[in-house]
Amino acid sequence: MHRLILILVSGFLTLVSQASFTPDLARIAPRGAQIGTELDIHLYGARLDDPAEILFHKSGIEVLKLEAKDPKHVTARIKISPDAELGEHPLRLRTHGGVSYLRSIWIGQFPTVMEKEPNNDFDSPQRVELNTTIQGIAKNEDKDVYSVVLKKGQALSVEVEAMRLGRLFFDAYVAILDPKRFELASCDDSPLLYTDAFVSIVAPEDGEYRVVVREAAYQGQDASRYRLHIGTFPRPSVVFPPGAKPGETVDFRFIGDPAGEITRKITIPADATGRFPVFAKRGDLLSPSPNWIEVSPLEHIAEKEPNPWIKTATPAPAIPFAVHGILSEKEDIDWFRFSAKKDQNLDFKVLARKLRSPLDSQIVIHDPKGKGIANNDDQGGPDSLLKWKCPADGDYFVSIRDKLKNSAPDFFYRLEVVRRSPSISASLPVVERNQSQMRKVISVPRGNRYATVVNISRSNLGCDARFESLSLPGGMSMHTPPIPRALNSFPVVFEAKADAPLSGAYHPFKITATGDKAPNVSGPLREVVHHIEVNNQGPYHSTLSEKIAVAVVDEAPFSISLDTPVTPIVQRGTLKLKVRAHRKDGFDAPITLRFLWKPPGIGAPNTLKLEKGKNEIDYEINANADAPVGDWQVCIQADANTPKGPVFVSSSLVPLKVREPYLKATIDLSATEQGRNVPLLCKFEHLTKFDGKARAELMGLPHGTKTKQLDFTHGTAELTFPIEVTKDAAVGKHNGLFLRLHIPHKGSTILHQSGHGGTLRIDKPSPKKIAAKPKDEKAKESKPSTKPLSRLEQLRQKGK
């Protein structure tokens, strides 16, 4: 893991007016530069006035000058160290009004030239020197052709940075053609670079060779920009072993370059952990981008071939350990032998795709006789993860192969076997699909607050937690509530003093397990930024960080406060929270309010709008019947479009108490008919004493009925509501009745809702009874008719 470096800028312009909020950095040009050089880069977007500094994730770039040309254009003079790491350098622009989204600049070892049109034909290529980086654009139905002169036996490698530039979905294709137009190598996607491509050859003869680059489906556009490296640099597809320990010196083998295998001795930094980049080197040239290994303190060994079955299994170190291997032979399978104790809970984890191997792993655990007793293919991804409990002391075996029995020299893997242990970490939530950067920066206006939600991830752990900042900008503080074990997220409020200096940096945060029986375990606040995401396909290029950009920014034209509620909210009850806006003179824009975090069982509208010029609003929340009883802390987040751009603020955290109802009610079934009034009986079970007079409202009555509110006091056992029923009242069984109860509490009321499911049945009026006829009339009716029957009636009689 690289240390995040803050690059301070000296000599920037003094602030003369308030900066725009929420700077929007959309594009950087050029997209890359050569190590050991100075150059001007241009940053384009919106609300970029009053730039203060550029925050880089890695060391090696110094900002010499930073200047705003206008609110949409900033220039920076940068100096790149000769030992700067090759590849991507993520950055953010901090202005006095905020911090931008994460963008990147790419550092290479070659001078950069620009594409020159026309260059879309084999016979009219753009001629370039070897060891050059070209910046170009692949437009719709366009292909760009470049030519280089090679001697027989000379190596040529080509690598393109396209999707990795993070601008848009751009699936690049590259190919090398010989002087006779025959294709020697081509590539669309690659396991190492995902949708970016690389190819390498050794020239079979002297001549002028062509390099072709285009969008894979000829569907490029004006924004399909690329950086194309053409040269004699090494470009291996595999590094072996794919893992090491911190501080260890390893002879790494770089495999897959047509010019031959490369061995390079590399010492891993003592503070390195997790996925780590290593670069192949041939002569003075490095590969443009790294291969990847996993750094951890685990003892590790490489497989000893042949090991395709139980009798030739490679013995593994004592648990915990890691083993490395390559499935290079046809339908290859590797076996390892290990010792385990009864009831040990072990995790078997394959790292292959994570390290850019094409292997789709499948692992099987075998008993001492070789019988398979547990297996796993995928576990939330193509890399296998198997959790296993050892049934008895003894020697066991684990085998690994490709799911489809594929194999090749680049099908490498690292298999880790560790005792299951607790872990905890934190992250910021994704608030909008395919917008992973939204609200991932903590920008706090002077004299104001900003709130966010933090998610918790626990593994093999159930405990309370504590969240803390390891550093913050001067004049800023952080407020967090207690985090009980039942919570998977919680709110955090940052507050800046009115005289806090305008500043910003990347800051680390930590979450720690707490409680009497909690293990001594903590973890970082990790953040992943996906630069390109596509619906149902996921991210295509991402940046991982364990530090968050935090800044104190210019004053906002408003602040908000949330009144501490006088009463608790009860299960199945509601509560109106008073939100107040404090506007500066001249600011009357609408403000969007957001109930940022909801305690368990609490519901609320996602947003409310405080209309133009308004300063108060009630934010009504509700508690369901299963809302846990407890004390929580909540806040309101607010944002508004100001003349200087959108700005976010929040209230402070205020306590919210959830309690059981003071009483429960049941509603007896009542039946009537249209036009007939009816009483409806409600019964109470009192749970908590209250003083004063309460009020009951019968809710959910159907059309054509009404009643009145009734008062009652603690101890009242029954209430009878007189229901007025009109002649056109809705007929049917109406079972949506419930009581809204206003219980007095400290000069206010606790709003209860109880008696749900009460029923009122309304029927149509019964038909009027017909008066009985005299006996003599009945006798007359019973006499048979003397009228002769028709022919049709006669036939009917016969048919009966």
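Reading guide: rules and limits
Residues numbered from 1 in each chain as written. Predicted model: local features only at pLDDT ≥ 70, side-chain atom pairs only at ≥ 80, totals over all residues. Heavy atoms only, no water. Phe/Tyr/Trp six-rings, centres within 6.5 Å; stacked < 30°, edge-to-face > 60°. Helix = DSSP H or I, 4+ residues; strand = E, 2+ residues; numbered from the N terminus. Buried < 20%, exposed > 50% of the residue type's maximum accessible area, 1.4 Å probe, protein only. Lys NZ or Arg CZ within 6 Å of the ring centre and 35° of its normal. Contact = heavy atoms within 4.5 Å. Pairing = 2+ DSSP bridges. Axes fitted to C-alpha atoms, helices over the stretch in contact; angles between N-to-C directions. Core = buried A, V, L, I, M, F, W, Y, C linked by side-chain atoms within 4.5 Å. pLDDT = per-residue confidence, 0-100. Polar contact = N/O pair within 3.5 Å; in protein donor to acceptor, adjacent residues only side chain to side chain. Salt bridge = Lys/Arg side-chain N within 4 Å of Asp/Glu carboxyl O.

1. Considerations on the packing of aromatic side chains
Here is step 1 of the chain: Overall, the coordinates contain 16 aromatic pairs when judged by the stated rule.
Here is step 2 of the chain: When the centroid spacing of 5.9 Å and the interplanar angle of 35° are considered together, the rings of Phe 110 and Phe 233 count as tilted. Linking Phe 110 in the loop between strand 10 (103–108) and strand 11 (112–114) with Phe 233 in the loop between strand 20 (225–231) and strand 21 (238–240), this pair joins segments that are 123 residues apart in sequence.
Here is step 3 of the chain: The class for Phe 233 is buried, based on a relative accessible area of 0%.
Here is step 4 of the chain: Here a set of aromatic residues connected by ring pairs shows up, and it is made of Phe 338, Phe 348, Trp 388 and Tyr 396.
Here is step 5 of the chain: The ring centre of Phe 122 lies 4.1 Å from the NZ or CZ of Arg 210, which sits over that ring.
Here is step 6 of the chain: One cation-aromatic arrangement involves Arg 235 over Phe 198; the distance from NZ or CZ to the ring centre is 5.6 Å.

2. Side note on the environment of Lys 614
Here is step 1 of the chain: Assignment of secondary structure puts Lys 614 in the loop between strand 56 (607–610) and strand 57 (616–623).
Here is step 2 of the chain: Other than its neighbours up to four places away in sequence, Lys 614 contacts Ala 581 and Arg 583.

3. Topic: the sheet that holds strand 33 (residues 345–351)
Here is step 1 of the chain: Strand order in the open sheet made by the five strands is 29-31-38-33-36, with mixed pairing throughout. Looking at the sheet topology across the chains shown, the edges are occupied by strand 29 (299–302) and strand 36 (385–389). Neighbouring strand axes in the sheet, compared pairwise and without regard to direction, differ in orientation by 20° on average.
Here is step 2 of the chain: The pairing of strand 29 with strand 31 (residues 321–326) spans four bridges and is classified as parallel. Across the sheet, Glu 299 pairs through a bridge with Phe 321, a residue of strand 31.

4. What to know about the nonpolar core
Here is step 1 of the chain: Membership of the largest hydrophobic core comes to 41 residues, with the highest contact counts inside it found for Phe 558, Ile 591, Leu 593 and Ile 621.
Here is step 2 of the chain: Those residues within four positions of Phe 558 in sequence are excluded, and the remaining contacts are Asn 448, His 582, Arg 583, Phe 587, Ile 591, Ala 638, Asp 639, Ala 640, Val 647 and Val 649.

5. Some words on the sheet that holds strand 30 (residues 314–315)
Here is step 1 of the chain: Reading across from one edge, 30-32-37-34-35 is the order of the five strands in this open sheet, with mixed pairing throughout. Whereas interior strands pair on both sides, the edge strands pair on one side only; in this sheet they are strand 30 and strand 35 (372–376).
Here is step 2 of the chain: The pairing of strand 32 (residues 333–340) with strand 37 (residues 394–402) spans eight bridges and is classified as antiparallel. Directly across from Arg 337, in strand 37, lies its bridge partner Phe 397.

6. Observations concerning the pairing of strand 35
Here is step 1 of the chain: Here strand 34 (residues 361–366) runs beside strand 35; their pairing, made up of four bridges, is antiparallel. When the sheet's bridge partners are listed, His 366 is paired in strand 35 with Gly 372.
Here is step 2 of the chain: Where strand 34 folds back on strand 35, the antiparallel hairpin that results is connected by five residues, among which Gly 370 adopts a positive phi of roughly 95°.

7. Digging into the confidence of the model for the chain
Here is step 1 of the chain: Summing up the model confidence of the chain, the mean pLDDT is 93 and the portion of residues at 70 or higher is 94%.
Here is step 2 of the chain: A low-confidence stretch, residues 1–16 (pLDDT under 50), is modelled with 49 contacts involving residues beyond four sequence positions or located in other chains.

8. Description of the side chain of His 89
Here is step 1 of the chain: By the secondary structure assignment, His 89 is in strand 8 (residues 87–95).
Here is step 2 of the chain: Separated by 2.7 Å, the side chain of His 89 and the backbone oxygen of Glu 85 make a polar contact.
Here is step 3 of the chain: In this structure, His 89 is in contact with Lys 58, Ser 59, Ile 61, Arg 103, Ser 104, Ile 105 and Ile 107, ignoring residues within four places of it in sequence.

9. Focus on the side chain of Asp 178
Here is step 1 of the chain: Structurally, the position occupied by Asp 178 is in the loop between strand 16 (172–177) and strand 17 (183–187).
Here is step 2 of the chain: Looking at Asp 178, its side chain comes within polar contact range of the main-chain nitrogen of Lys 180, at 2.8 Å.

10. A few points about unusual backbone geometry
Here is step 1 of the chain: Following Glu 117, the chain continues to Pro 118 via a peptide bond in cis, the omega torsion being 0°.
Here is step 2 of the chain: Among the secondary structure elements, Pro 118 is positioned in the loop between strand 11 and strand 12 (126–127).
Here is step 3 of the chain: Of the consecutive residues Phe 240 and Pro 241, the connecting peptide bond is found in the cis state with omega at 0°.
Here is step 4 of the chain: Inspection of the secondary structure assignment puts Pro 241 in the loop between strand 21 and strand 22 (243–244).
Here is step 5 of the chain: In the Ramachandran plot, Asn 460 falls in the positive-phi region, its phi being about 55° despite a non-glycine side chain.
Here is step 6 of the chain: Note on placement: Asn 460 falls in the loop between strand 41 (449–459) and strand 42 (464–469).

11. Describing the pattern of salt bridges
Here is step 1 of the chain: In the structure shown here, the tally under the stated rule is 39 salt bridges.
Here is step 2 of the chain: In this structure, the salt-bridge partner of Arg 77 is Glu 38, at a minimum N-O distance of 3.7 Å. Of this pair, Arg 77 sits in strand 7 (residues 73–80) while Glu 38 is found in strand 4 (residues 38–46), placing the two residues 39 residues apart along the sequence.
Here is step 3 of the chain: Exposure remark for Arg 77: the relative accessible area of 30% places this residue in the partly exposed category.
Here is step 4 of the chain: The closest approach of N and O atoms between Arg 594 and Asp 639, which form a salt bridge, is 3.3 Å. Of this pair, Arg 594 sits in strand 54 (residues 591–595) while Asp 639 is found in strand 59 (residues 636–642), placing the two residues 45 residues apart along the sequence. Residue Arg 594 shares its accessibility class with Asp 639, and that shared class is buried.
Here is step 5 of the chain: Through salt bridges that share partners, Asp 563, Lys 578, Arg 580, Glu 616 and Asp 618 make up one connected network.

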